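Coordinates in review
Here are the chains, one letter per residue:
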Amino acid sequence: MGTMVAIDIADPLPRATLEALADDFFAWMREVDRRFSTYRPDSEVCRLDEGTLRPADGSAYLREVLDACAALWRDTDGYFDAYATGRLDPSGYVKGWAAEVASARLAAAGSVNHLVNAGGDIRLRGGPEPGRPWHVPVLHPWDSEGTLLVLAGTDLGVATSGTYERGFHVVDPRTGEPARALRSVTVVGPDLAVADAYATAAMAMGRNGLRWLAGLEGYETAVVTEDGEGYCSAGLPMVPITDEMLAPARP
């Protein structure tokens, strides 16, 4: 889907078990790519968009994603729109959904301490070692090597939508034009798929997204506008930034 995926499994399990868990994770992500990538003409998404595949003939995963996108379209007053560009593109939901499903599969298979990264959308469980939460740096929107803030948690989804890497790629479905008012939106909550869609919707809303985000229940947020203003919700699980947090990940 034009991005990277990575996993950190911190459970004290036999090496063969860890390798099997990782293999299953990457196999799942490759399956998601085959079904949902907008870069593959043979994917279900592309075939559905071109009219060569009917929704009823698609996989159960395809129908699940389409149903979720329709529900999120209603929940966001149309600002989360898988057809905002004029073509079917559910990527604003699928990345988070794929990581959320991957994390649930890992937990079911015995991994209760892991971090899944799908193109910057993070799903974490447990911690890197006993008694410590995972720390998730959020990229500084004007410095690709800098950190805006660090989040901590043991069972969270963290999704960020921004303009600093892919430019103004989020489209306002009301105007058909790229949304330009916000630089980055981070949404934190129990379901990474929903957090991912909420971040995309808020970007599309522009400054009106600030009020909308403030009314969300069960999700915390951080926003940076294009003119440099910053906002965050009271319950955002931020921690002070230390050099240790910014050091390279352990092998």
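These notes cover the structure that comes with them. These figures come from a predicted structure and were not determined experimentally.

Further remarks concern the packing of helix H1 (residues 15-36) against helix H4 (residues 91-108). Between H1 and H4, whose axes approach to 10 Å, the crossing angle comes to 150 degrees. Accordingly, the angle class assigned to the pair H1 and H4 is roughly antiparallel. Of the two elements, H1 crosses H4, and the hand of that crossing is right-handed. Here H1 contributes Leu21, Asp24, Phe25, Trp28, Met29, Val32 and Phe36 to the contact with H4, which in turn contributes Val94, Trp97, Ala98, Ala99, Val101, Ala102, Arg105 and Leu106. Here the residues of the contact of H1 with H4 are counted per class, giving 13 nonpolar, no polar and two charged.

Direction vectors running N to C along helix H3 (residues 60-75) and H4 enclose 125 degrees, while the axes themselves pass 11 Å from each other. Considering their axes alone, H3 and H4 lie oblique with respect to each other. Both H3 and H4 take part in a crossing whose hand is right-handed. For the pair formed by H3 and H4, the contact residues are Tyr61, Glu64, Val65, Ala68, Cys69 and Leu72 on the first element and Tyr93, Val94, Trp97 and Arg105 on the second. Here the contact of H3 with H4 is composed, by residue class, of eight nonpolar, no polar and two charged.

Before going further, it helps to examine the packing of aromatic side chains. This structure, assessed with the given rule, holds seven aromatic pairs. A centroid spacing of 4.8 Å and a plane angle of 70 degrees characterise the contact between Phe25 and Phe26, whose relative ring orientation is edge-to-face. A relative accessible area of 2% places Phe25 in the buried class. A relative accessible area of 27% places Phe26 in the partly exposed class. Plain terms: the ring middles of Tyr198 and Trp212 are 5.3 Å apart, the flat faces sit at 90 degrees to each other, and that makes the pair edge-to-face. Separated by 14 residues along the polypeptide, Tyr198 in helix H5 (residues 192-205) and Trp212 in helix H6 (residues 208-214) bring together distant segments of the chain. Looking at Tyr198, the relative accessible area reads 13%, which means it is buried. Here a set of aromatic residues connected by ring pairs shows up, and it is made of Trp28, Phe36, Tyr61 and Trp97.

Its volume calculated, the second largest pocket comes out at about 170 Å³. When contributions to the lining of the second largest pocket are tallied by element, the ones reaching two or more residues are H1 and H4. In terms of residue count, the dominant contributor to the lining of the second largest pocket is H1 (five residues). Its residues placed into classes, the lining of the second largest pocket shows eight nonpolar, one polar and three charged.

Below, the discussion takes up the pattern of salt bridges. Evaluation of the coordinates by the stated rule reveals 16 salt bridges. Residue Arg40 is joined to Asp33 by a salt bridge in which the shortest nitrogen-to-oxygen separation is 3.3 Å. Exposure remark for Arg40: the relative accessible area of 29% places this residue in the partly exposed category. A salt bridge links Asp77 to Arg174; the nearest nitrogen and oxygen atoms lie 3.0 Å apart. Of the two residues, Asp77 sits in the loop between H3 and H4 while Arg174 sits in the loop between strand E7 (171-172) and strand E8 (177-178), which places them 97 residues apart along the sequence. Look at the salt bridges and you will find they share partners, linking Glu31, Arg35 and Glu44 into a network.

Cut-off values and rules
- Residues numbered from 1 in each chain as written.
- Predicted model: local features only at pLDDT ≥ 70, side-chain atom pairs only at ≥ 80, totals over all residues.
- Heavy atoms only, no water.
- Axes fitted to C-alpha atoms, helices over the stretch in contact; angles between N-to-C directions.
- Helix = DSSP H or I, 4+ residues; strand = E, 2+ residues; numbered from the N terminus.
- Parallel < 35°, antiparallel > 145°, perpendicular 65-115°, else oblique.
- Left-handed = near helix turned anticlockwise from the far one by under 90°.
- Contact = heavy atoms within 4.5 Å.
- Nonpolar A, V, L, I, M, F, W, Y, C, P; charged D, E, K, R; others polar.
- Phe/Tyr/Trp six-rings, centres within 6.5 Å; stacked < 30°, edge-to-face > 60°.
- Buried < 20%, exposed > 50% of the residue type's maximum accessible area, 1.4 Å probe, protein only.
- 1 Å grid on protein atoms, 1.4 Å probe; cavity = no way out; pocket = protein on both sides within 12 Å on 5 of 7 lines; lining within 4 Å.
- Points joined across faces, edges and corners; volume = space filled by probe spheres on them.
- Salt bridge = Lys/Arg side-chain N within 4 Å of Asp/Glu carboxyl O.

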